[in-house]
Amino acid sequence: MDIAHMTNSEDKLLKNISKEILREATLSRRQANIRTFFFILLFGGLFVFNLISNNEKITIPEGEPYVSIVRINGVIDVSSSASPRFLEPILTRAFYDKQSKGVLLLINSPGGTPVQSHILHKLITHLKDKTGKKVVAVGEDMLTSGAYMLATSADQIYVNESTMTGSIGVVQQSYGYSALLEQIGVEARTIQAGENKVRLNPLLPTNQKDLEKIQGVLNQVHENFIEVVRSGRGERLIEDSVGLFSGDYWTGKTAVTYGLVDGIGSANEIMAKEFSVEHAKDYSQQRGIMSGLSDMLSSVIADSLVKASQTINIQSLQGTPQPRLQ
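Here we summarise the structure given alongside this text. These numbers were taken from a predicted model, which means no experiment stands behind them. (Residues numbered from 1 in each chain as written. Predicted model: local features only at pLDDT ≥ 70, side-chain atom pairs only at ≥ 80, totals over all residues. Heavy atoms only, no water.)

### Let's talk about the overall build of the chain
Per the secondary structure count, the chain includes nine helices and eight strands. The buried share of the chain, taken over its 326 residues, is 35%. Look at the contacts in the chain between residues 6 or more apart in sequence, and 74% of them connect residues 24 or more apart. Per element, the accessible surface of the chain, about 19,600 Å² overall, is 56% carbon and sulfur. (Helix = DSSP H or I, 4+ residues; strand = E, 2+ residues; numbered from the N terminus. Buried < 20%, exposed > 50% of the residue type's maximum accessible area, 1.4 Å probe, protein only. Contact = heavy atoms within 4.5 Å. Areas by Shrake-Rupley, 256 points an atom, 1.4 Å probe, with all protein chains shown as cover.)

Next comes the structure, spelled out in structure tokens:
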């Protein structure tokens, strides 16, 4: 009897455990289903909102002519919204709009890296040649350095009277810590393969050979910059005026007198003057929330990769600071 009683008790215990496990599994599955449902609902809502926000919100009367607008704002860098990677699809759609009378670039940028600025310049020139579209650039607060370089790809450049314009030069900045390390008793130990692998090591005293090397590189980048500007502006530049290529900058009003730009005017004024239109289709605003989230994620990843590469340069490859058209 005792054995039978124990067997019955064990059976009941096993059944209770099985029921509890089943109940927990059912509850867990139900919670997972609820989470899945809400995720589907969330992303479904975002998808629908994306479709709605991606619809072309154009208030152009039917049959009325218009121009394509592309906005280029901020530092021109591989991880920014002013990078060729970000702007290429926008520029391509703007140029290949068969109904558009031309492309208006609204630029508000202090410049950026020489390579990214030149890639943008080449991209705009390529699209202009392929489509035959007229291109006009309008500078807003700043049209300097790399931003001015890409603006010279346009057929005409206009600015506000107070737009900071020009700055055709190259700069590279870094800091040296050798004196500080000596004061606090820290010794820099650098191991390298290749006589010139390390240039301007911030942990070591500056030497003349490194300075001459870096200056030579900057001079070459500067010459490339000048060549692009001369090719784009041609005889409109008044080169016998104050040093146009000294890296200095001027107000828009003064820049007109030096041939750096073609005139003064706002976007609406230039639309009427250069394209004889009153309407514009802004391609920079046709991106929905999903595209924005994707771009933001891509930008964060790219920025992380850039920072990681910079860390690698310092720790193992010992690169030199990057020149800037800014």
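### Some details on the nonpolar core
Core analysis: the biggest nonpolar cluster contains 42 residues, and Leu-91, Leu-105, Ile-107 and Leu-260 have the highest contact counts within it. Put simply, the parts of the chain that give this core at least two residues each are strand S1 (66-73), helix H2 (84-95), strand S2 (100-109), helix H3 (114-131), strand S3 (135-144), helix H4 (146-151), strand S4 (156-159) and helix H6 (208-233). Per-element tally for this core: the top contributor is H2, with six residues. The residues touching Leu-260, leaving out its near neighbours within four places in the chain, are Tyr-148, Ile-157, Ile-168, Arg-233, Leu-237, Leu-244, Trp-250 and Ala-255. One finds Val-67, Ile-69, Leu-106 and Met-271 within the second-largest nonpolar core, a separate group that totals eleven residues. (Core = buried A, V, L, I, M, F, W, Y, C linked by side-chain atoms within 4.5 Å.)

### Re the environment of Thr-190
Inspection of the secondary structure puts Thr-190 in the loop between helix H5 (178-184) and H6. Between the C-alpha atom of Thr-190 and that of Leu-203, which follows or precedes it by 13 residues, the distance is 8.9 Å.

### Section: H6
The first and last C-alpha atoms of H6 sit 37 Å apart over 26 residues, in line with the 38 Å expected at 1.5 Å per residue. Of all the residues in H6, the buried ones are Asp-210, Ile-214, Leu-218, Val-221, His-222, Phe-225, Ile-226, Val-228, Val-229 and Arg-233. Looking at the packing, one finds that the buried side of H6 touches H3, H4 and S4. For H6, the capping residue at the N-terminal end is Asn-207, with a side-chain oxygen 3.2 Å from the backbone nitrogen of Lys-209. (Expected span 1.5 Å × (residues − 1). Polar contact = N/O pair within 3.5 Å; in protein donor to acceptor, adjacent residues only side chain to side chain.)

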